[in-house]
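Observations on the model geometry
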Amino acid sequence: MAWIVRGLWSVNPYKMVIAVANQKGGCAKTTTAVNLAAALSKGSKRQKLPPAKVLLIDLDPQGNCATSFGVEKKKVKRTAYDLLTNDTGEDLPLMDEYLISPRDLTESMKEAWSMRNGGKAAPENLTVDNLWLLPSDIHLSGAEIELSHKIGRETRLREALLPIIDNFDYIIIDTPPSLGLLSINAMCAANWVMVPVQAEYYALEGFSMLMNSIKMIQRRINRNLKIFGVAMTMVDARSKLSRHVCDQVNTKMPKKLFKTTIRRLVKVAEAPWSGAPTVLLNKPTNSGAGAGSLEYWTLAKEFHQRVMAMRREFGVNEQPRLLLDPNR
Ligand SMILES: Nc1ncnc2c1ncn2[C@@H]1O[C@H](COP(=O)(O)OP(=O)(O)O)[C@@H](O)[C@H]1O
Ligand SMILES: [Mg+2]
């Protein structure tokens, strides 16, 4: 019976486990994963976005998700590496021992902010109540080789997440810039793929390779995997090439392309240095320092609206977990 239940969880079209993937490096996978996770967890009255419980998983050995929240690498204890290489056959104590809690994430962001700002007290915006992080570190780079002879090497993340999947509204998985075993683990655990595409010439070449990989995974390991959306990133509205790439992606996948595009903006790039995602760090504004923040908030809102539309279509009435939690 267990295997039937185990096999079923990813079928739920409203269970939002999303791999942020594109084998091209530097197309804003991490930036998109981190900002979406922060915005969806925080919620915003202004954006009509309810708060949700979110787990962000870093499957890139570079470990950039943790640094995006100001978490110092030396403070990270358990990582995605420990999870993937677990051979005990037992469920792991993920919530208690593996995930960085909202309280610790908040503390890290505030400490990093104070350090960069001459010891001043950090703003309250840098508080997250509903966001957990499974960090990674450089050890993960050896996991692909270590796992190559192990049982269930492609489905290890999926198995490990199973006991905690219902604790969250969204599980967002950041992936490395390759289509190796780590990305395959992400796409086996997920039922949706979110693809950030950088608006530049070579972007489209990689795009078709990614589509082929997704098809291959659908065929062989996870037939429930689907593309949730494609987001154009680092767009330069004045550049003809940028507009051309956006138009081409729109022609290829009109239903999947998000209306919201993310422009190339210096504040988005600077945010990891300040130890917090731009959506928390910069007050969203139409222009100036908050423009990138507003664009990612708008993307999160469009993301949420797409989920709601899909749930209506499937006749599913799943409330965000926070609204059901009597203790909150
Ligand atoms: N909208 C943006 N404007 C300017 N710089 C950006 C933007 N999005 C990402 N960056 C920067 O581009 C680089 C690559 O982004 P990153 O999210 O790390 O990509 P990936 O995870 O796909 O390798 C980083 O230095 C990041 O800060
Ligand atoms: Mg990355």
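Quick caveat: nothing in here was measured; it's all calculated off a predicted structure.

Turning our attention to the overall build of the chain. Scanning the chain from N- to C-terminus turns up 15 helices and 6 strands. Overall size of the chain, expressed as C-alpha extent along the three principal axes, is 55 × 50 × 40 Å. By residue count, 45% of the 328 residues in the chain fall in the buried class. Put simply, 78% of the contacts in the chain that link residues at least 6 apart link residues at least 24 apart.

Right, let's get into the nonpolar core. When a protein is soluble and globular, its nonpolar side chains tend to lie buried together. By size, the foremost hydrophobic cluster in this structure holds 95 residues, and its most contacted members are Ile18, Leu56, Leu133, Ile172, Ile173, Ala190 and Val193. Apart from residues no more than four positions distant in its own chain, isoleucine 173 is found in contact with Ile18, Ala19, Val20, Ile57, Leu59, Ala186, Ala189 and Ala190.

This part covers the sheet that holds strand E5 (residues 192-198). Two pairing modes exist for strands in a sheet, parallel and antiparallel, and in both the strands are linked by backbone hydrogen bonds. Taken together, the 6 strands give an open sheet; going across it, the order is E3-E2-E4-E1-E5-E6, and neighbouring strands pair in parallel fashion. Whereas interior strands pair on both sides, the edge strands pair on one side only; in this sheet they are strand E3 (131-134) and strand E6 (226-233). Across the sheet, the axes of successive neighbouring strands diverge by a mean angle of 20°, strand direction being ignored. For strand E1 (residues 16-20) and E5, the ladder comprises 3 bridges, and the chain directions are parallel. Within the sheet, the bridge partner assigned to valine 20 lies in E5 and is methionine 194. Against the sheet, helix H2 (residues 29-42) engages E1, strand E2 (54-58), E3, strand E4 (170-174), E5 and E6, with an angle of about 165° to E4. Seen against the sheet, helix H10 (residues 203-220) touches E5 and E6 and runs at an angle of roughly 170° to E5.

Another point: the confidence of the model for the chain. The predicted coordinates should not be examined in detail at positions where pLDDT is low. Across the chain, pLDDT averages 89, with 91% of residues at or above 70. Contacts of residues 1-11 to residues separated by more than four positions or lying in other chains number 9 contacts, the stretch itself having pLDDT below 50.

The local shell around ligand 1 holds 18 residues, among which Lys29, Thr30, Thr31, Val268 and Ala269 are the closest. Contributing elements (two or more residues each) for the shell around ligand 1: H2 and helix H12 (266-274). Within the shell around ligand 1, the residues separate by chemical class into 9 nonpolar, 7 polar and 2 charged.

As a packed pair, H2 and helix H14 (residues 291-313) sit with axes 9 Å apart at the nearest point and diverge in direction by 70°. Put simply, H2 runs roughly perpendicular to H14. Seen along the crossing, H2 lies across H14 with a hand that is right-handed. On the side of H2, the interface is formed by Asn35, Leu36, Ala39 and Leu40, while H14 contributes Tyr296, Trp297, Leu299, Ala300, Phe303 and His304. Split by residue class, the contact of H2 with H14 holds 8 nonpolar, 2 polar and no charged.

Tracing the backbone through its elements, the reader meets isoleucine 172 in strand E4. Sequence separation between isoleucine 172 and glutamate 159 is 13 residues; the distance between their C-alpha atoms is 16 Å. Excluding residues that lie within four positions of it along the chain, isoleucine 172 makes contacts with Ile18, Val20, Ala33, Leu36, Ala37, Val54 and Leu56.

With 14 residues, H2 ought to run about 20 Å at 1.5 Å a step, and its terminal C-alpha atoms sit 20 Å apart, in line with that. With 14 of 14 residues buried, H2 is to be regarded as a mostly interior element. A positive phi of about 70° marks glycine 43, the residue just after H2.

For H14, spanning 23 residues, the distance from its first C-alpha to its last is 33 Å, which sits close to the expected 33 Å at 1.5 Å a residue. Gly292, Ser293, Leu294, Glu295, Tyr296, Trp297, Leu299, Ala300, Phe303, His304 and Val307 are the residues of H14 that are buried. Buried residues belonging to H14 abut E1, H2, E6, H12 and helix H13 (278-281).

What follows concerns the pairing of E1. Counting buried positions along E1 gives 5 out of 5 residues, so the element sits mostly inside the fold. Note that E1 and E4 share 5 bridges and pair parallel. Within the sheet, the bridge partner assigned to isoleucine 18 lies in E4 and is isoleucine 172.

The next point concerns unusual backbone geometry. For alanine 28, which is not glycine, the phi dihedral falls at a positive 80°. Residue classification places alanine 28 among the buried residues on the basis of 22 C-beta atoms within 10 Å. Look at lysine 48: it is not a glycine, yet its phi comes out positive at around 55°. The topology assignment puts lysine 48 in the loop between H2 and E2. By C-beta crowding, lysine 48 is classed as exposed, having 10 other C-beta atoms within 10 Å.

Reading guide: rules and limits
- Residues numbered from 1 in each chain as written.
- Chains lettered and ligands numbered in written order.
- Predicted model: local features only at pLDDT ≥ 70, side-chain atom pairs only at ≥ 80, totals over all residues.
- Helix = DSSP H or I, 4+ residues; strand = E, 2+ residues; numbered from the N terminus.
- Buried ≥ 20, exposed ≤ 12 C-beta atoms within 10 Å, placed from the backbone.
- Contact = placed C-beta atoms within 7 Å.
- Core = buried A, V, L, I, M, F, W, Y, C linked by C-beta atoms within 7 Å.
- Pairing = 2+ DSSP bridges.
- Axes fitted to C-alpha atoms, helices over the stretch in contact; angles between N-to-C directions.
- pLDDT = per-residue confidence, 0-100.
- Near = placed C-beta within 6 Å.
- Nonpolar A, V, L, I, M, F, W, Y, C, P; charged D, E, K, R; others polar.
- Parallel < 35°, antiparallel > 145°, perpendicular 65-115°, else oblique.
- Left-handed = near helix turned anticlockwise from the far one by under 90°.
- Expected span 1.5 Å × (residues − 1).

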